[in-house]
Amino acid sequence: MAIPFHKELRIGAYLMKQKLLGRKRYPLVLMLEPLFRCNLACAGCGKIDYPDAILNRRMSAQECWDAADECGAPMVAIPGGEPLIHKEIGEIVRGLVARKKFVSLCTNALLLEKKLDLFEPSPYLFFSVHLDGLREHHDHAVSQKGVFDRAVSAIKAAKARGFTVNVNATIFDNHPAEEIAKFLDFTTELGVGVTMSPGYAYERAPDQAHFLNRTKTKQLFRDVFALGKGKKWNFMHSGLFLDFLAGNQEFECTPWGMPARNIFGWQKPCYLLGEGYTKTFKELMETTEWDSYGTGKYEKCADCMAHCGYEATAANAALTNPIKAMFVSLRGIKTEGPMAPEIDLSKQRPAQYVFSSEVQKRLSDIRKDEAVEAQQKASTAA
Ligand code: SF4
Ligand code: SF4
């Protein structure tokens, strides 16, 4: 894996510490969403379908740092929305880097070249640029022409300034394995690392037709990895997670491994599914009914193989069974033969549709906050 050695070491030491302390559940990556507003409207996005009053809200820099301190995970990923729209994003990242957090700033890169001056290259900072495929495919995925070229130009500019850049690709059903392989060849030429995840079937995403189910996901990744034999694609995932994507590992989801904090609070149970919020990280860990989530347990989790549920599972598996991890890294990803047994879906609980009621609750909280702020301003002015 192309993860820098010091990062691997720090994360390994963190995981060992959690094991030695006997902790059953602990976070690996904080998913920090300081805003939901975006300057694109991708067809597979489940994050931006909110009323303006919510899209206009921002987490303050202090709230972002508090979240990182509270959670304690060694890595912080900042998705969104588009984090570069946030006026304090430079300050937020600086504060996280000062706390020695590995920060992955996820961006569609439309504003990246313009905003590079806000950041300083650091072994703790990575730009993770949203790129779903080659030019035609990416521009189609983000529903706007010209975005691929701007993103590639921004990647080159950031690399020329000494920043570490990765790309993150979401894979949908309409992406042939041969094209994904060509895209991965392109990322090698570009000199960037790659993360890939099958798109989660967000119930609010405009395009519902192209989400992959688990059987198709596994076959697609097998086909891609078969085309990659002998090539040196630079994946930023653990070998066991890639092996899971190819259907060779029987993993259960670890939703607390990548907890999500956004403008509403701590999201239950994970970055992909919003089924309630808590005020503190402790409350999230203690009050979420973790056993009610995951593939085989809940209908909305049935097709999920996303990194935010399963990368932490793979990391734990590597820790408890290093020989298995070593075996996968030596033999490479298996692309033929029988797959690991699939999780039984017959006992999963039915989906609950809480989006509208949650949005109403959040809107009423926002109105209350605004009334208090207005009152405070009026009393200061008097
Ligand atoms: S760039 Fe990301 S946040 Fe923005 S619309 Fe696309 S998927 Fe959603
Ligand atoms: S399987 Fe896990 S990561 Fe995926 S939606 Fe369900 S709880 Fe979230």
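What you are looking at is a predicted structure, and each value in this text was computed from that prediction instead of being measured.

Some remarks on the site of ligand 1
Around ligand 1 sit Cys38, Leu40, Ala41, Cys42, Cys45, Ile48, Gly81, Asn108 and His130, and that is every residue in its neighbourhood. Of the residues contributing to the shell around ligand 1, the split by class is 6 nonpolar, 3 polar and no charged.

Side note on the site of ligand 2
In the region of ligand 2, the neighbouring residues are Tyr200, Cys253, Pro255, Cys270, Leu273, Tyr293, Gly294, Cys301, Cys304, Gly309 and Tyr310. Considering only residue class, the shell around ligand 2 consists of 9 nonpolar, 2 polar and no charged.

Some details on a negative patch on the surface
Judged by side-chain charge, Glu136, Glu178, Glu179 and Asp223 come together as a negatively charged surface patch. Tracing the sequence through the fold places Glu136 in helix α6 (residues 135-141). We classify Glu136 as exposed; its relative accessible area is 71%.

A look at the environment of Leu240
Here Leu240 lies in helix α10 (residues 239-245). Sequence spacing of Leu240 and Pro79 is 161 residues, and the spatial spacing of their C-alpha atoms is 24 Å. Apart from the residues lying within four places of it in its own chain, the contact partners of Leu240 are Gln249, Phe251, Ala314, Ala317, Ala318, Lys324, Ala325 and Val328.

Concerning the side chain of Asn248
Here Asn248 is to be found in the loop between α10 and β7 (260-262). Only 2.6 Å separates the side chain of Asn248 from the side chain of Arg222, close enough to count as a polar contact. Excluding its chain neighbours within four sequence positions, the residues that come into contact with Asn248 are Arg222, Asp243, Ile333, Lys334 and Ala340.

Points about the domain arrangement of the protein chain
One can read the domain layout of the protein chain as domain 1 (5-351) and domain 2 (353-381). Put simply, the middle of domain 1 and the middle of domain 2, counted by C-alpha atoms, are 31 Å apart. Together, the buried faces of domain 1 and domain 2 total about 1,200 Å²; carbon and sulfur atoms form 68% of this surface. Inspection of the domain 1/domain 2 interface yields 2 salt bridges.

Re the sheet that holds strand β6 (residues 193-198)
On the basis of which strands lie adjacent, the open sheet formed by 9 strands has the order β6-β5-β4-β3-β2-β1-β7-β8-β9 and mixed pairing. The strands lining the two open edges of the sheet, one partner per strand, are β6 and β9 (274-278). Mean inter-strand twist for the sheet, computed between neighbouring axes without regard to direction, equals 30 degrees. Each of β4 (125-130) and β5 (164-171) is contacted by helix α7 (residues 147-160), which is oriented at about 155 degrees to β5, the strand it contacts most.

Details of the pairing of strand β3 (residues 102-107)
Here β3 lies mainly inside the structure; 5 of its 6 residues are buried. Read from strand β2 (residues 75-78) through helix α4 (residues 89-98) to β3, the crossover connection turns out right-handed. Two elements, β3 and β4, share 5 bridges in a ladder whose sense is parallel. By the bridge assignment for β4, Thr107 is matched with Val129.

Section: the environment of Lys114
Following the sequence through the fold, Lys114 ends up in helix α5 (residues 112-115). For the pair Lys114 and Ala154, spaced 40 residues apart in the sequence, the C-alpha separation amounts to 8.7 Å.

A short note on the pattern of salt bridges
Pairing is possible between side chains of opposite charge, provided their charged atoms come close. Summed over all chains, the structure comprises 19 salt bridges. Across the pair Arg57 and Glu370 runs a salt bridge whose closest N-O atoms are separated by 4.0 Å. Separated by 313 residues along the polypeptide, Arg57 in the loop between α2 (52-55) and α3 (61-71) and Glu370 in helix α14 (residues 355-381) bring together distant segments of the chain. Among the residues examined, Glu370 registers a relative accessible area of 40% and is labelled partly exposed. Across the pair Arg99 and Asp69 runs a salt bridge whose closest N-O atoms are separated by 2.9 Å. With Arg99 in the loop between α4 and β3 and Asp69 in helix α3, this pair connects stretches of sequence that are 30 residues apart.

Concerning the nonpolar core
Grouped together as the largest cluster of nonpolar side chains are 107 residues, with contacts concentrated most on Ile78, Phe127 and Met196. Setting aside anything within four residues of it in sequence, one finds Met196 in contact with Ala169, Ile171, Ile180, Leu184, Phe221, Phe225, Phe235, His237, Phe241 and Leu245. Phe36, Leu55, Phe355 and Val359 belong to the second largest nonpolar core, which has 10 residues in total.

Observations regarding unusual backbone geometry
A cis amide bond links Lys268 with the next residue in sequence, Pro269, at an omega value of -10 degrees. Phi at Ala109 takes a positive value of approximately 75 degrees, unusual for a residue other than glycine. Mapped onto the elements of the fold, Ala109 is located in the loop between β3 and α5. The phi angle at Ser143 is positive, at roughly 60 degrees, despite the residue not being glycine. By secondary structure assignment, the location of Ser143 is in the loop between α6 and α7. Since its relative accessible area comes to 47%, Ser143 is described here as partly exposed.

Rules of the game
- Residues numbered from 1 in each chain as written.
- Chains lettered and ligands numbered in written order.
- Predicted model: local features only at pLDDT ≥ 70, side-chain atom pairs only at ≥ 80, totals over all residues.
- Heavy atoms only, no water.
- Near = heavy atom within 4 Å.
- Nonpolar A, V, L, I, M, F, W, Y, C, P; charged D, E, K, R; others polar.
- Patch = residues over 30% accessible without salt bridge, like charges linked within 9 Å, V, L, I, M, F, W, Y side chains within 5 Å.
- Areas by Shrake-Rupley, 256 points an atom, 1.4 Å probe, with all protein chains shown as cover.
- Salt bridge = Lys/Arg side-chain N within 4 Å of Asp/Glu carboxyl O.
- Lys, Arg positive; Asp, Glu negative; His and termini not counted.
- Charge placed at Lys NZ, Arg CZ, Asp CG, Glu CD.
- Helix = DSSP H or I, 4+ residues; strand = E, 2+ residues; numbered from the N terminus.
- Buried < 20%, exposed > 50% of the residue type's maximum accessible area, 1.4 Å probe, protein only.
- Contact = heavy atoms within 4.5 Å.
- Polar contact = N/O pair within 3.5 Å; in protein donor to acceptor, adjacent residues only side chain to side chain.
- Domains from an automatic or database assignment.
- Buried area = accessible area lost by both parts, 1.4 Å probe.
- Pairing = 2+ DSSP bridges.
- Axes fitted to C-alpha atoms, helices over the stretch in contact; angles between N-to-C directions.
- Right-handed = clockwise from strand over helix to strand, strands pointing away.
- Core = buried A, V, L, I, M, F, W, Y, C linked by side-chain atoms within 4.5 Å.

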